Amino acid sequence: MTMDPAHGTIDSNEADQRDVQTNDFADSGSNARPPQEPRRVNNDPRAKQQKGNQVRRDRRDVHGWVVLDKPIGMTSTQAVAVLKRLFNAKRAGHAGTLDPLASGGLPIALGEATKTVPFVMDGRKRYQFTVCWGEERDTDDIEGRVTATSDQRPTREAILALLPRFTGVIEQIPPRYSAIKVQGERAYDLARDGEVVELAPRPVEIHHLTLVDQPDNDRAVFEAECGKGTYVRALARDMGRILGTYGHICALRRTLVGPFGENDMIPLDQLEALCDRAASGEGSLADALLPVETALDDIPALAVTRADAARLHRGQAVLLRGRDAPTCSGTVYVTVAGRLLALAEVGNGEIIPKRVFNLTGLTASAGRNERN
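Residues numbered from 1 in each chain as written. Predicted model: local features only at pLDDT ≥ 70, side-chain atom pairs only at ≥ 80, totals over all residues. Heavy atoms only, no water.

S.K.: Can you walk me through the environment of His208 in this structure?
M.R.: Its place among the elements puts His208 in strand β13 (residues 202-216). According to the relative accessible area criterion, His208 is partly exposed, its value standing at 25%. Placed 44 residues apart in sequence, His208 and Pro164 show a C-alpha to C-alpha distance of 8.9 Å. Other than its neighbours up to four places away in sequence, His208 contacts Arg126, Thr167, Glu223, Ala224 and Glu225. (Helix = DSSP H or I, 4+ residues; strand = E, 2+ residues; numbered from the N terminus. Buried < 20%, exposed > 50% of the residue type's maximum accessible area, 1.4 Å probe, protein only. Contact = heavy atoms within 4.5 Å.)

Here it is in structure tokens:
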């Protein structure tokens, strides 16, 4: 057995977790054939006939990560549905909700990659956001109703002097319109119903907060990198109050999520074009995938023999013995012949499998293992 050193994980903040279902991104039907064109018969035996003679293809096994550069106006749930359809994948899920207002990195896990979602969710996230001064809104962003106004505007010096107060571990009250549960109900559902939502402050960590630009007296552009559970909208709200004016988010872009940065992002139109080329035999959807283990960059990798791999694949523990046995403990990801096998715990002289991966089907192209 050999042990690879842990790879460094890029940081980013987990902020806004609101997923407001406001826009309909269902298929528009613009590709429907005109009535005079005869309907083609699908001779694919794998296709299943549905009501109204509609044909549904069998879903397939697709494993890996797609980091969508989410467009403004699309919810995270809608984005997952679009990618699941494009890849015709059996399973899909995202690693951290991104508001419809926001653009940027939305990591979407397909197939066995869904087993690694918590490792991305727990990572840092980085945002660039614009605060509009002079108004506070009930959602703490531009989509909400104005609840307070001020004619005062902060100076650059006042903003810079404030930033240290919002760096490090701070207490933050989440927005009323957030996904936090209150007695089993989502806070944003209660707020929409007109109920007064009182959320308790909680500690969050902001690793850095910088003033990037101040294009005019009404707006300021910031970059923040923070840990899980931080709400950028609450950050804008609280800064506005302390500065003697009010503020809300009017633009938001996520540039980093755990190990996934801007170089990993792919816009939706490029992804759709790639899917079209793959359908005509000019490319492969595997080119859009990052390997499942990309989400595990910050934990050690442990290579095992094929004999030990067979035991771990059956869910059986493997004893560590011999001079080459690793001396570490804790979570590792296990590989055999360079292929991801399992997530496991090392301790008390053995490897105990926790999650076993079955990577049969479409996976990332070999070249995607070498990231920029």
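Picking up after the structure, the text goes on.
S.K.: Just checking my understanding: could you explain the nonpolar core for this structure?
M.R.: As a rule of thumb, nonpolar side chains are buried together in soluble globular proteins. The biggest cluster of nonpolar side chains holds 52 residues, and the ones touching the most others in it are Phe87, Phe129, Leu209, Phe222 and Met239. Considering each element in turn, this core owes the most residues, six residues, to helix α1 (residues 76-87). Filtering out sequence-adjacent residues up to four positions away, Met239 remains in contact with Phe129, Val131, Trp133, Leu162, Leu163, Phe166, Leu209 and Phe222. By size, the runner-up hydrophobic cluster in this structure holds 21 residues, among which are Val292, Ile299, Phe357 and Leu359. (Core = buried A, V, L, I, M, F, W, Y, C linked by side-chain atoms within 4.5 Å.)

S.K.: Explain unusual backbone geometry here, please?
M.R.: Most peptide bonds are trans, and most residues other than glycine sit at a negative phi. Look at Ala337: it is not a glycine, yet its phi comes out positive at around 55 degrees. The residue Ala337 is located in the loop between β19 (330-336) and β20 (339-347) in this model. Of the residues examined, Ala337 reaches a relative accessible area of 63% and is grouped as exposed.

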